[in-house]
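Chains, contacts and geometry: an overview
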Amino acid sequence: MSAIEEPQLVREGYSRRGRPLAPRRAAAEAVLGGIFVVVAVALALLAGAEADLEVGPTVALVAMFALGIRIRIDVGVAYTSPVQLAFVPMLLLLPAPYVPLFVLLGWFLGRLPDLLVGKHRLHPDRILLIPTDCWFSLGPALVLVLADAQVLDWGNWAVYLGALAAQFAGEAVSSYVREYFGEGGSPQLVGKELGLIWGIDALLSPLGLLAAFASATFDYAFLLLALPAILLGFYARERTRRLEVAVALADAARDRQDLIAGASHELVTPLAVLVGLTHRLTSGRPVAPERRGEVDVVMRREVLALRQIVRQFVDYTRIKTERDLVLRPQPTALEPVAREVAMALAAIGELRVAGPPTLPDALVDPDRAHQMVMSVAAEALEGTGSAHLLLDSAADAVSVILTSPAPPRERPFAEGGEGSSGGLGLYVTRELARMQGGDATAEPTADGGARYVLVFPRTS
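Within each chain, residue numbers correspond to sequence positions counted from 1 in written order. At least 70 in pLDDT is required for a residue's local features to be given in this predicted model, at least 80 for side-chain atom pairs to be given and counted, and no such filter applies to totals for whole chains, interfaces and linings, which use all residues. Each side-chain value is derived from all of the structure's non-hydrogen atoms; neither hydrogens nor water enter the calculation.

1. Structural notes on a nonpolar patch on the surface
Together, L105, F108, L109, L112 and L116 line one region of the surface with nonpolar side chains, adding up to about 420 Å² of accessible area. Here L105 shows up in helix α5 (residues 99-116). Think of it in three bands: with a 1.4 Å probe and only protein chains considered, a residue is buried below 20% of the maximum accessible area for its type, exposed above 50%, and partly exposed in between. What makes L105 partly exposed here is its relative accessible area of 41%. For patch detection, residues must exceed 30% relative accessible area and be free of salt bridges, and they are connected within 9 Å for like charges or within 5 Å for nonpolar side chains (Val, Leu, Ile, Met, Phe, Trp, Tyr). Surface exposure here means Shrake-Rupley accessible area, sampled with a 1.4 Å probe, where a residue is shielded only by the protein chains that are shown. Criterion for a salt bridge: a side-chain nitrogen of Lys or Arg within 4 Å of a carboxyl oxygen of Asp or Glu. Secondary structure elements are taken from DSSP: a helix is a run of H or I of four residues or more, a strand is a run of E of two residues or more, and numbering for both begins at the N terminus.

Spelled out as structure tokens, the structure:
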């Protein structure tokens, strides 16, 4: 597993927690979990227990198991927990036939908080996974019962090894069966992930064995295993945090690549138009006076489009790298800005400008005002061919209100959100507006359209 693949698999593992199970997977988990419960109850009722059931050690070990489940050691899309530190003493100190049911109880108690709180909350459907997860406990309990090795004895070391092998075999079979019937195909990652999980369990098992024997002489000596469990939890959390940082960095790099690709794509059209017009003007062929005026209008429009894209990209880079972004707010008349934007965007649609006869000046950088109005107007015209721009004022603000017949995209002003320049222009627009004491918002209208509002401080 490469350094790039692992964070992606861990993210997939966390994202699954909040999703409901597919119907086929839920049915498979219900059947496998139901079979586990039936077998575990039958084992507890029919097998003879040689050890006495003591309330104190039972409660302590079930609580240790539940706390161990809370410690997540990510292994690709799967995970493991240091429950072996509680499971081995459970097998050797509690009545072995009852241990699978105690494991089920501990697992449920450990997962209960995840249903209620937490960053990666569990979907209620995923309670069905718990009984199937406990299949690993049946094999060791059966080995101890059948080998008549329920009482602690160093002479049973071969039986204990057999119990560990039975645990791994049961885990492998249950994992394969649940994936085969739940997903409808042969598992791809079971072998790789189980190998790592078994390695961790094999290393922890001797500690659990020693703690069980120590507890035969010193009551509750197994509680000392809470210390290495806490240490493992600390390192597991640190490792998960680093994997999350790696995922965030990978996402940021991909977003930057998408933004660059989107901006580069938008540069192609105005550049192609300008190249074609300059070739026409320098070819030596005469240009009629009326055509010359049209060429000038088109060239100005494409130059404005190029300037818009470059400004957005430069401003985005400065915002993200926390470099100084030069803003020079000054009294600015917004009607000429709106008219020029309408002219610049004439190629993609009709922008109808309206407003009161007199409008107070906005306190905003005039170049930035043009850039922001153009970004939002381009979004309003996207795919519709027409939009309205209304200039309005209040006691302390001047507003540019754009209405479009198309509904707003989801979170259009968010970074990486859909919008002009691949989400670049609208994000930059909102940041620039807020830096100058204003804001940029979008909301759906009652008739299914969109309403975009740019607010700027007004001059006194």
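2. A few points about the packing of aromatic side chains
Any two of the Phe, Tyr and Trp rings considered here, Trp counted by its six-membered ring, make a pair once their centres fall within 6.5 Å; the pair's planes then place it as stacked at under 30 degrees, edge-to-face at over 60, or tilted in between. Under the defined criterion, the tally for this structure stands at 12 aromatic pairs. These aromatic residues form a ring-pair network of at least three members: F65, F87, W107 and F136.

3. Here we look at helix α14 (residues 424-435)
In this analysis, the expected span of each helix is defined as 1.5 Å times one less than the number of residues it contains. Over its 12 residues, α14 extends 17 Å from the first C-alpha to the last, a length consistent with the 16 Å expected when each residue adds 1.5 Å. Counting buried positions along α14 gives 10 out of 12 residues, so the element sits mostly inside the fold. Three or more residues of α14 are buried, namely L424, G425, L426, Y427, V428, T429, R430, E431, L432 and A433. Immediately downstream of α14, the backbone of G437 shows phi near 85°, a positive value.

4. Some words on the pattern of salt bridges
One pass over the full model with this rule turns up 13 salt bridges. A salt bridge links R178 to D133, with the shortest nitrogen-to-oxygen separation between them at 2.7 Å. Of the two residues, R178 sits in helix α8 (residues 157-183) while D133 sits in helix α6 (residues 129-133), which places them 45 residues apart along the sequence. A salt bridge links R430 to E431, with the nearest nitrogen and oxygen atoms 3.6 Å apart. Comparing R430 with E431, the two get one shared label, buried.

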